[in-house]
Each structure stands twice: as structure tokens, then as C-alpha cells.
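Listed below, chain by chain, are the residues.
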Amino acid sequence: MDVSQSSDESRVLIINTGGTINMIFSQQGYVPEPYFLTETLHSQHRFHDPLEESLFSHSSSLEGYRRWSSSGKNTPTGATFGSREPSPSRAGARSYSHQALTLPVRSCRPIGIPEHLAPDAERVLPRQPVCKKVSEDVYEAQLPTLVTPRSSGPGGSSKRIRYSVLEWHPMLDSSNIEIQDWIRIATDIELNYSNFDGFVILHGTDTMSYTSSALSFMLEDLGKTVVVTGAQIPMSQLRNDAVDNLLGALVIAGHYIIPECCLFFNHTLFRGNRCSKMSSYDLNAFSSPNFPPLVNVGIDIVVSWQNVIRQTSLRRFQSHKHMSPNVATLRLFPGITGATIRAFVAPPTRGVVLETFGAGNAPQRADLTAALKEACDNGVVIVAITQCAKGSVSDAYETGRSLLQAGVVPGGDMTPEMAGADAKAGPSQCALTKLSYLLSKPELSTDQVRALIGTPLRGELTLPESKVPPALSQHPGIGPSLDNIQGVLGQVVRLASAPVSRAPRIVVSQSQPQSPPASQDTAVDEVTAPWSWTAAEAASTESALFPFLVHLAAGRDDIEALAFCLDAEAQAEGGLAVGGGLANCLDGASGRAPLHVAALHGAVRGAELLLAAGALVHVRDTLGHTPLYYAARQGHEALVDLLVKAGANLGGADIEGGFVALAVQRATDARDEHSLRVWKKAGAHLVRVTG
């Protein structure tokens, strides 16, 4: 049966492509085993606790633990074993499908193991899900779900994560990953985008950063969290890193909306196009030398919201399903000849990542420069990056400027992947995948591709200091913070006042007040020289006031106050200390974001401003509702149009809780054409309504 989504559950789809995490030791070494991962997760309470009967579900208090300890559920003879939901390993899908909790999952390939690939047909094939072809290259199956114990999320919220595992067959070693596999992952995400809150991609480590980089470009206008992870040691081993990596990825994808393709490894979430594999044997195998991690998982989960990309376009998500295969990487070395370069850039090559010395330097021989210039003149896009693990290319040296004069495009701080303890540099996965992505777009000319190489598209490179506005590099000190606080108070008083009230209004002037006459206290202050506010104290006060004001302004559709808040945040060094930014700050009582408030009140102008500032359209409040649901329920047609254009869709409790069906049924019974039109625009035509 289909499982309804509770407001305190989030849904995550795990796309299991293969890799070490799935492997079991055999006479041939480590080999992947079909359905091993799913049945292993099913057997571990930290990954599957449907009835909340494990220690993890009762460890929040001593009393809870004692009740659990005395209930008999902590022993093999207790109720635990008999009450757990079935998994693909316990019985055939056909025999228990009537009772299992399932979710519909789609794929661009048939779901399950082809009979001729099954290593043990009698044992494996009965576990197969029932797969049906929905349309051309689209297949669907009801996959069993697993559900984690409750875990803490942002703002003190507590949720369970319900997830399904879409397993590829055959599973791939990451060294065999190709462009078509990237397209397959992107397509599977697109096919399931509206039904899940986040996605986890299980992948081998050798080419994991290539895949995370490629997906960062292919997943266009992404509004949900996508996390690529894997393990150095298989889940089958007693001592492994698979448990922490997979559980951490699940928690981040289920609790946080970080609209990027990321890579999670060893308690750290990296931007997917900024990291490289640094070690073949350390558990901290990945590093991001030129960009800080997005999330550090320690005692607390700390999100660097100021570094998270905000989706500001009013476009719906789509996956780009083409990548140019005619790209390659060429590493310069002392003595390289022009003939070598000419052979390397010969057709069908359209793009080359040139790994240069140091900060973008190359030998100054005429034959070398001529070969590079000839290739550039023939339309080959050549991107220069550094061979170093950290740093960027520049034109500080004459040997670097000659490359630019030949037509080579600087790749900034897109760095090459480092493999092994000897720090031997390999090809640049980010520059290579970006070049492949841009060259696959026929609407882009060669000159446009060259221009876009130096433009951050997904946060993959850092703008040089010459292109950063001076105001962003100057420390603001405490003065602007105090001015902001005074401005916030003025806006709050203005908005909090009743619009039609004739009572005297309190006006907090933003001009400098006249100095009061000196008093005894003033004289004492001058003598003792007490400390004034520190910048941290001022920033803390700002962080407490701004969220209140932005919610109030969103409800009133007050553009002046909203712009004041968002401008202050943009000008603050490092941003205000507000998780997710002001455009996504949650109300502590209702869990609503400013976009929820704007949707409830039909504040179209405010919603436009919030979306332009990076407001998330898929965020859900404490009741599990999206902004689109509230806009449609209130009949705000223009706001529904805006949210749908920005990629919003009904989900979570909106549909699974029956709220949309009930609203549509009532509108049908009342013959309310306006409401029916609004709900249809919001996507309610996808909901089965009787009557």
C-alpha cells in the first residue's frame, strides 16, 4: 500500500549506483551484492525503526529509556523482531506487497535485476519489485520504504526520514562511470523530483567528485538537496565509515533544504564541484582546498548558510540530459612539444583543460604558443587551471600572460583532483565537467562558452578580487550595525501600528538626535570609560530583530520594509547570523518561512522580492504545508502563478494528508469555479477527486 506522509516525516530517495559501500568480500575480492544494502539497512534500528521501539527512539530522557528497557523490546525475545516492516530480503515483493509500506519510484531504466544478470536466480528474483512501463523510457515500481528514528533538525524540529532505495542493476564500480550514467542519475532525480524532499546518491569514491561536479551543472534550477556519498570501507565490515556517511547524508537531505549538489564524507558536506579525492586509504578522503565546507557534522550540525547557494531564478527545475564527450585534459610537463599539443587538440576535440604550472604558467617556446593559438583560432576552447591542489591561475607572470594572448581562457581556482598520498595530480573534474556541460548547449557560441568559463554558474569558482565590490571586502565595524538596529526598530514600530489608527504614533527617527545635557551619569561614564557594545553583541541584536520584521513585512506586503531587511543582510559582512538567511528564516512557533506568510496574505510583490533573494519554494511548515498550498487555499491566483513559475509543487501533507483533495471536493460541491481554477493551476489536477 502507498504510505501517507506525516507532517513530521520527510521523504528521501536513495539512488544506489554501486560502489564500495555495497560490497562483500569474496574469493575475487570485494564484489557488490544485489539488495545487500537494503536488507542491511532494514536490520539496523538506526536506519529502520517503523514502530519507534528502538533505543534511539527512547533515549531523549532517562524515563523514556527506563520504560523502553523494562518493556522487553531491547531483547531478541521482545516485540521488536515480530513487528518490523518487511524488506526485500524477507519475502518476495509479490507476496507481501499487500502489507508493505511502499512509495512509487520512477526510473529511465527498468527497475530490478534482469534475469540473465541475476547471480542466483532462485534467491534474488523473488525479491524483485513489480516494474511496469509508464511511457517511453519511463518505468515505475512500488518500492518498500524504511524509516529512521526521530532526529533533530533546524530550529529544534524533530522528524523521521522515510526513504526508498532505487538500486541499479548491474551496480557499477565508480571507475566504470560514464557520461550516460550521469545523465541517468539526473533523469531519475527529475522523474521523482515532486515526490521526494531530497536525494542521496550512493557512489564509489574514485570518481565521486566527477559525478557530483557534473550533476551540479546538469541539475538546473535545483530547489532541493542532493547529496552524493559512499564509503572507503564496505557496510559489511564491522569497522566501517559507511554507517556515518550514509546516516549523515540522510539526515542532511531529510532535514535541510540546501539547493545544491553536494558531496558528504567523513562528517563534512562539501559543495559538489569544489572537492577532490585526496586519499585512497584515509577516511577523510575528500577535501575542498579553495572553498569551506557547507556543513560540519560534530556534536551539532553547523550549516554555513552564508555559503549556500540561493536559488533566485523564477524557473522550474529540469535536468540537462546532454554532455559533450569531446573534452579532455592535458597536463603540461617540461619538454612538452607543439606537435604533442596539435595531436591532442585535433578533431573531434572541442574543449581542453590545460593543467599549467603554478599560477597559470607555461613554457615560452614559440612552437608551443603557436600550437595553442592555432587550436583556439580553430574554435577549440582551452581552459587553463593550476596543477596545484590549492590556488588559482593569474596573469601576474609573463609566462602566464602568453597563454591568455594565445586565446587560452583562465579557469580561476577550479583545481585539479589529487589522487593518493604522493599528491600526484590528476585531471580537473570541475573544469572538465563544466566545459562538457557548456559545449553540449548548441545555443551557445564558442565566444559565449569562453566567457561563461570564467563566470560562476554553480559556485564552482571564486571571483577575483578585482571583480568583487569594494564594500564587500571592507570591515563595517559597529556603526552600520547600530544604524541597522535603529532602522529595524523604526520599521517595526511603523508596521506594528494599526494602518487606520488615529492614536498618536511613536516615531523612531533615523536621524541623529540632539545631545542631551551632561548629567552625573555621563560624567561617571567619561571617567570610568565603560565598554560600549561589541560588534558581536550588535550583530546578535540584529539577528533577533530582523526575522520578526521580515515576517511582519511579508504579511503586510510592505516592499519598503522587506527591501530594508534584505539590503541590510546583503551589506553585512558574512551575512546576518540567521540560519538560511532572512528570506528563509523560520518562525519558532509555526515553522513558517516568510514565503508562507506572503502566500497566506496574497502578498505578490513581497513574494517576488523574497524569491529574488533566494526564498525556497519547497519549504514546509510545522504542519507539513508548502507556500503553494496556502496561496491556493486562500484563492490568491496571481501568487499561485508566481510560485508555480518558480518551481513550486504541492507535496507532503498538502496531498498525502488529504487537504488538497478536501479543498477541491468542497470547491466542486460549491461550484466555485475560481477556486477550482486556482487549485488546477497549483497542480491539484494530479490528485484523484471523487464526485
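Everything here concerns the structure above.
Quick caveat, the model's predicted, so the values are computed rather than measured.

Quick notes on the rules
Residues numbered from 1 in each chain as written. Predicted model: local features only at pLDDT ≥ 70, side-chain atom pairs only at ≥ 80, totals over all residues. Heavy atoms only, no water. Core = buried A, V, L, I, M, F, W, Y, C linked by side-chain atoms within 4.5 Å. Buried < 20%, exposed > 50% of the residue type's maximum accessible area, 1.4 Å probe, protein only. Helix = DSSP H or I, 4+ residues; strand = E, 2+ residues; numbered from the N terminus. Phe/Tyr/Trp six-rings, centres within 6.5 Å; stacked < 30°, edge-to-face > 60°. Lys NZ or Arg CZ within 6 Å of the ring centre and 35° of its normal. Salt bridge = Lys/Arg side-chain N within 4 Å of Asp/Glu carboxyl O. Pairing = 2+ DSSP bridges. Axes fitted to C-alpha atoms, helices over the stretch in contact; angles between N-to-C directions. Parallel < 35°, antiparallel > 145°, perpendicular 65-115°, else oblique. Left-handed = near helix turned anticlockwise from the far one by under 90°. Contact = heavy atoms within 4.5 Å. 1 Å grid on protein atoms, 1.4 Å probe; cavity = no way out; pocket = protein on both sides within 12 Å on 5 of 7 lines; lining within 4 Å. Points joined across faces, edges and corners; volume = space filled by probe spheres on them. Nonpolar A, V, L, I, M, F, W, Y, C, P; charged D, E, K, R; others polar. Arc of directions from axis to C-beta.

A. The arrangement of the nonpolar core in detail. Ranked by size, the top nonpolar core spans 56 residues in total, and within it Ile 189, Leu 219, Val 226 and Leu 435 carry the most contacts. Top element by residues in this core is helix α12 (residues 429–439). It accounts for seven residues. By size, the runner-up hydrophobic cluster in this structure holds 45 residues, among which are Cys 565, Val 597, Leu 600 and Leu 643.

B. Here's a closer look at the packing of aromatic side chains. On inspection of all chains with the given rule, the structure shows twelve aromatic pairs. Each residue in the set Tyr 193, Phe 196, Phe 199 and Phe 317 is aromatic and connected to the rest through ring pairs, giving one cluster. In this structure, Arg 184 packs its charged tip against the face of Trp 168, placed 3.8 Å from the ring centre. The ring centre of Tyr 193 lies 4.6 Å from the NZ or CZ of Lys 224, which sits over that ring.

C. Seen up close, the pattern of salt bridges. This structure, assessed with the given rule, holds 23 salt bridges. Here Arg 342 makes a salt bridge to Glu 374, at a shortest N to O gap of 3.3 Å. Of this pair, Arg 342 sits in helix α9 (residues 338–344) while Glu 374 sits in helix α10 (residues 366–377), placing them 32 residues apart in sequence. Put simply, Glu 637, Asp 641, Arg 677 and Lys 681 are held in one network by salt bridges that share partners.

D. Main features of the pairing of strand β3 (residues 29–32). Note: strand β2 (residues 23–26) against β3, four bridges, orientation antiparallel. Within β3, the position partnered with Met 23 by the bridge is Pro 32. Counting the residues between successive antiparallel strands, the hairpin from β2 to β3 contains two residues.

E. Inspection of the packing of helix α24 (residues 659–669) against helix α25 (residues 673–682) at higher detail. The interhelical angle for the contact between α24 and α25, taken along N-to-C directions, is 150 degrees, at an axis separation of 8 Å. When the axes of α24 and α25 are compared, the pair comes out roughly antiparallel. Handedness of the crossing formed by α24 with α25: left-handed. Of the residues in α25, those touching α24 at Val 660, Ala 663, Val 664, Ala 667 and Thr 668 are Ser 675, Leu 676 and Trp 679.

F. Focus on empty space enclosed by the protein. Applying the stated criterion across every chain, the model contains three cavities of 30 Å³ or more. Its boundaries defined by the atoms lining it, the largest cavity holds a volume of some 120 Å³. Taken together, 16 residues make up the lining of the largest cavity; nearest its centre are Gly 223, Gln 311, Val 617, His 618 and Ala 646. The residue makeup of the lining of the largest cavity, split by class, is eight nonpolar, five polar and three charged.

G. Just the sheet that holds strand β20 (residues 327–331), in detail. On the basis of which strands lie adjacent, the open sheet formed by four strands has the order β20-β21-β22-β23 and parallel pairing. Strands with a single pairing partner mark the edges of an open sheet, and in this sheet they are β20 and β23 (409–410). Where strand β22 (residues 381–386) and β23 come together, two bridges link them in parallel fashion. Looking across to β23, one finds that Val 383 is bridged to Val 409.

H. Looking closely at the environment of Ala 646. Mapped onto the elements, Ala 646 comes out in the loop between α22 (637–645) and α23 (653–656). You can call Ala 646 buried: its relative accessible area is 10%. Placed 333 residues apart in sequence, Ala 646 and Ser 313 show a C-alpha to C-alpha distance of 6.9 Å. Residues contacting Ala 646, with those up to four places away along its chain left out, are Leu 314, Arg 315, Leu 611 and Val 617.

I. Examining the sheet that holds strand β6 (residues 138–144) more closely. Spatial ordering of the open sheet is given by β4-β6-β5, a layout of three strands whose pairing is antiparallel. Each having just a single partner strand, β4 (102–107) and β5 (131–135) make up the two edges of the open sheet. When strand polarity is set aside, the average angle formed by the axes of neighbouring strands in this sheet is 35 degrees. Sheet topology note: the β4/β6 ladder contains six bridges and is antiparallel. Following the sheet pairing, Val 105 is matched in β6 by Ala 141.

J. Spatial organisation of unusual backbone geometry. Cis geometry marks the peptide bond from His 169 to Pro 170; its omega dihedral reads 0 degrees. Summarising the element assignment, Pro 170 is placed in the loop between β9 (158–167) and α6 (179–191). A positive phi angle is found at Asp 557, which is not glycine, with a value near 55 degrees. With respect to the element layout, Asp 557 can be found in the loop between α17 (535–556) and α18 (559–571). Its identity is not glycine, yet Arg 671 carries a phi of approximately 55 degrees, on the positive side.

K. Structural view of helix α13 (residues 446–453). Buried within α13 are the following residues: Val 449, Arg 450 and Ile 453. Buried residues in α13, looked at end-on, bunch into an arc of 100 degrees, giving them a common side.

L. Summary view of helix α20 (residues 604–612). Those residues of α20 that fall on the buried side of the exposure criterion are Gly 606, Ala 607, Leu 610 and Leu 611. One face of α20 carries all of its buried residues, which in axial projection span an arc of 135 degrees. Remark: Gly 614 follows α20 within two positions and exhibits a positive phi of approximately 100 degrees.

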